[in-house]
Structure formats: structure tokens, C-alpha cells
Amino acid sequence: MAFGLNTYPVVYRAKYDTGNWREEYLEKAHKTPAEEAALDSAAAAALADSRNCYPDMPLVSYTSQYGYGVFEGLKALPQKDGGLAIFRPDQNAARFARSMKGLYMPPFPEELFLKAVTGTVRRNAALGFSLVYDPAWEKDAFSNAPAVYIRPFSCSEGAIGVSIAKAPWVICICSPVTAYYSDASSDAVVSGRIRANPRGTGWIKCAANYVISALAKHEANEGGFVECVFLDAVERKYFEEGSSCNIFFYLKSGELVTPELGDTILPGITRLSVIELAQDRGVRVSERKISVEEVLSEARECFFCGTAAGATPFTSLTCQGRKTVFNKGKEGELTAELRRTLKGIQYGLIEDRKGWLHHVSRSNEGRAD
Ligand SMILES: *Cc1c(COP(=O)(O)O)cnc(C)c1O
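So, how was this worked out
Residues numbered from 1 in each chain as written. Predicted model: local features only at pLDDT ≥ 70, side-chain atom pairs only at ≥ 80, totals over all residues. Heavy atoms only, no water. Helix = DSSP H or I, 4+ residues; strand = E, 2+ residues; numbered from the N terminus. Rg over C-alpha atoms; globule rule 2.2 N^0.38 Å. Buried < 20%, exposed > 50% of the residue type's maximum accessible area, 1.4 Å probe, protein only. Contact = heavy atoms within 4.5 Å. Lys, Arg positive; Asp, Glu negative; His and termini not counted. Charge placed at Lys NZ, Arg CZ, Asp CG, Glu CD. Near = heavy atom within 4 Å. Polar contact = N/O pair within 3.5 Å; in protein donor to acceptor, adjacent residues only side chain to side chain. Areas by Shrake-Rupley, 256 points an atom, 1.4 Å probe, with all protein chains shown as cover. 1 Å grid on protein atoms, 1.4 Å probe; cavity = no way out; pocket = protein on both sides within 12 Å on 5 of 7 lines; lining within 4 Å. Sits in = over half its atoms within 2 Å of the grid points. Nonpolar A, V, L, I, M, F, W, Y, C, P; charged D, E, K, R; others polar. Points joined across faces, edges and corners; volume = space filled by probe spheres on them. Domains from an automatic or database assignment. Pairing = 2+ DSSP bridges. Axes fitted to C-alpha atoms, helices over the stretch in contact; angles between N-to-C directions. Buried area = accessible area lost by both parts, 1.4 Å probe. Salt bridge = Lys/Arg side-chain N within 4 Å of Asp/Glu carboxyl O.

Some points on the overall build of the protein
Looking only at helices and strands, the protein features 9 helices and 17 strands. Against the 2.2 N^0.38 benchmark of 21 Å for 369 residues, the protein shows a C-alpha radius of gyration of 21 Å, consistent with a compact globule. Across its three principal axes, the protein shows a C-alpha extent of roughly 55 × 50 × 40 Å. When each of the 369 residues of the protein is scored for burial, the buried share is 53%. In the protein, 73% of the contacts between residues at least 6 apart in sequence involve partners at least 24 apart. The protein carries 43 positive and 44 negative side-chain charges, and their two centres are separated by 2 Å.

Next up, the structure:
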């Protein structure tokens, strides 16, 4: 499983307390990275468990009971010229604060967010927990390249009655990840489930939203599909997004369409970046409603995008048992170009003209600040 939890030893934690965020870095039990890699699987699992354990935090909370919590997902990518760089963390900082406000929590200040993510990556790198660029990744345009995944999230104070958090924690962990989708299949399926309802929390990256996603994705996988796609809750006719990624359709007319944002779609940072990269290439991009009917007759290329998924093509879509194949079952040209450009910029192979990369350390030795 590409998304196993092998948390790096240094964890950031802040707690909201009467108007202030009290910050700390915790250094969990560890040996050197080489010694850890040599552990047998039982010892490695025990270590991983201890890293994921906070005996001083409440087990019963609004987060554990009601899924009342927000999170972010971003990556620090090993750079061609050394060191690590985080992709557009300012955007994640803004979204995290928006998500917390959306749940009536005290928003985590954006500058603290930036300091927390870079600090956690840097301190782990200083202990040798990091990744080094490998030119072999260039062969398949980084399709299977690893990265340091960064997961900041909130956790409520101990509580049981249904209510909102007044004194949450914000925690940031890092863990290595590889490709999100195995390339065995690139078939997608339209889920019969509803991910997000109007006036609900679909636009917020909050824990409660992901139960439906997990069920729908499990059902898709059981049916032999890589991913599921959700339709709108009201008309059951328009595309919204995947289980944890946004969606794009390149039409025969030359228009690249992604569903317009509203309160049921998560505003992805990869989505935003892909729109810009496509426009730079002179592609006409529209954010608008797009129906199943239109996609089945007009689409020539389809892809998902997100921090975990990158830009991942899917070459068929199954809707109510009927399968439609796009581009003769092959990845399309525009999808491939956008995927290569995005990954190229992220790993420092293509010049970052937009200032999207936030360099954490120029050398892999890291530096504790
Ligand atoms: C995180 C997420 C995305 C993708 O957002 P990125 O910022 O590109 O990683 C899309 N949809 C959902 C539901 C998500 O949770």
C-alpha cells in the first residue's frame, strides 16, 4: 500500500489556548534511518505504532466521535539540484484557515502553518529522515517517484456532546509516500453515492466528508476500477469530483472543462495549477457544469488531479453498467503534457517560473531552524 503510515520522528503540535497558539516540536522514538530500515517487520510496526501514539491527548473528542476535524495534504519533493521543496504551501495554509473557520474553530494563522510544515520537514531531514532525488525517476516523468507527504490536521479537545471545538490542537506529521494509483488499471466508475450536499461541508477539507469517499472508493476497487466519480446531489446529472481528487475533461472541441466550484466541490490546489498550466499552453479552460451525457459523447481525454493523484488519466468511464472508452484506451496528449509539466516543475526538472516551489533546504542534510 503506497499510503502506509511510517511517520517521521519529529512532529509539530500547537494547541489553542485563550487567544494564543502554543507551539512545540515532539521528537518521537527513533534510531538512525539506516538502523530503522534494517528492523524486522514486527519491530518496524511497533515503532510505527509508537510514533502514531499520543498518550497525553484525549481519546474521546469531537474529532474521534463525530469526524469534526480538518486536514491538509501537501508534499515536499526531492529536487533535481538537491534539497526538498514544498509545492504551493501558501495555498494550503489559506485553505486550512478557511476550513477551520468553516467549522467555527479558531483559524490557524497562515504564517504559523508555513512555519510548521517547513519546520517539520526540515527537522526530520536534519535527523536523516528525508528523500534524495534519483534521475531514474525522469524515465516515466516521476509517475512512481516518492515524496515526503505532509499532513497537518486538527484535533479537538476532549468532549462528548455534539458541539464545536474551542481549544483544538493542530498537529503536523511527515511520512514518505509513493504513487497513489497503481498503473494496473485506468478505469473509473460513476458512484451511485452522494459525496456532498448543497449547504453541507463538501467545500471543506474536513474529516467527516471522507466516510462516503472511502465507501465509494472501496466499491469502485471491488468492481475493478481505480477510482469513483461523484455526481451532484440534486439533479444527479453533473460531474463533481473523485473520492479525494478533482476532475478534468478535454472535449473534442478543444475546450478543457472542470466542474465549477461551489459548496460541494473541494477547491484543489492541483486543480488550480492545472488550469493555469493549460491556459499557458493556449488551451481554452472552462469552469462550468458538465453532464454525464456531454462527457460520454464529447470527451476525448479525462483525468483526475490532486496532491496524491498528481494528474492521473482515466481511459474509460462506467456509468450504470455501461462502459465508455476514451482515446482508444490510451492516455491523451494534453493529459500527458500537463502531467509531465506539473511533475517536472514539482521535482525541479522544469524551471519554476511561477514561484510555486517553497524550498525547504538546499542540501539533504537539512537544517533545524
Ligand atoms: C484534497 C482533495 C482534492 C485535491 O486537492 P489538492 O489541493 O489538489 O490536493 C480534491 N478533492 C477532494 C475531495 C480532496 O479532499
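There is more to say, and it comes next.
Considerations on the site of the ligand
In the vicinity of the ligand there are 14 residues, among which K205, Y210, E241, T270 and T307 approach most closely. With respect to the ligand, the backbone of C245 contributes an N or O atom lying 3.4 Å from a nitrogen atom. For the ligand, whose free accessible area comes to 380 Å², the fraction covered by protein is 97%. Cavity membership is defined here by more than half of the atoms lying within 2 Å of grid points; on that basis the ligand lies in the largest pocket. Here the shell around the ligand is built from residues that sort into 4 nonpolar, 6 polar and 4 charged.

Some points on empty space enclosed by the protein
In this approach, a probe sized like a water molecule rolls over the atoms, and the result shows the empty space that is left. For the structure on display, the rule yields 3 cavities of 30 Å³ or more. Roughly 120 Å³ of internal volume is contained in the largest cavity. K75, F87, T270, T307 and Q346 are, among the 14 residues lining the largest cavity, the residues nearest its centre. Every element with two or more residues in the lining of the largest cavity is listed here: strand 3 (74-78), helix 7 (269-280) and helix 9 (333-346). For the lining of the largest cavity, the class distribution of residues is 5 nonpolar, 7 polar and 2 charged. When we break the lining of the largest cavity down by domain, the ones giving at least three residues each are domain 1 (10-177) and domain 2 (187-346).

With respect to the sheet that holds strand 6 (residues 169-177)
Taken in spatial order, the 7 strands make up an open sheet running 2-1-6-5-3-4-17, and their pairing is antiparallel. Here the strands that pair on one side only, and so sit at the sheet edges, are strand 2 (20-27) and strand 17 (357-361). Across the sheet, the mean angle separating the axes of adjacent strands is 25° when strand polarity is ignored.

Some thoughts on the pairing of strand 5 (residues 147-155)
Of all 9 residues in strand 5, 7 are buried, a share of seventy percent or more. Examined bridge by bridge, strand 5 and strand 6 share 9 bridges and lie antiparallel to one another. Bridge pairing in strand 6 links S154 to V170.

Overview of the domain arrangement of the protein
With domains assigned, the protein is organised as domain 1 (10-177) and domain 2 (187-346). Here the C-alpha centre of domain 2 lies 26 Å away from the C-alpha centre of domain 1. Taken residue by residue, the interface counts 25 residues in domain 1 and 23 residues in domain 2. At the boundary of domain 1 with domain 2, total buried surface from both sides reaches about 1900 Å², with 62% on carbon and sulfur atoms. Of all residues in domain 1, the largest losses of buried area upon contact with domain 2 belong to F71, F87 and R95, amounting jointly to 29% of the total for that side. Run the count over domain 1 and domain 2 and you get 0 salt bridges. Here domain 1 is connected to domain 2 by 8 residue pairs in polar contact (both at pLDDT 80 or more). Secondary-structure elements contributing two or more residues to the side of domain 1 that touches domain 2 are strand 3 and helix 4 (89-102). A total of 6 residues in the side of domain 1 that touches domain 2 trace back to one element, the largest contributor, which is helix 4. Class assignment of the residues belonging to the side of domain 1 that touches domain 2 gives a composition of 10 nonpolar, 9 polar and 6 charged.

What about the pattern of salt bridges?
For the structure on display, the rule yields 19 salt bridges. Across the pair E23 and K115 runs a salt bridge whose closest N-O atoms are separated by 3.2 Å. With E23 in strand 2 and K115 in helix 5 (residues 110-126), this residue pair connects regions lying 92 residues apart in the sequence. E23 gets classed as partly exposed once you look at its relative accessible area, which sits at 35%. Residue K115 is classed as partly exposed on the basis of its relative accessible area, which comes to 43%. Connected through salt bridges with shared partners, the residues R13, E24 and D56 form a single ionic network.

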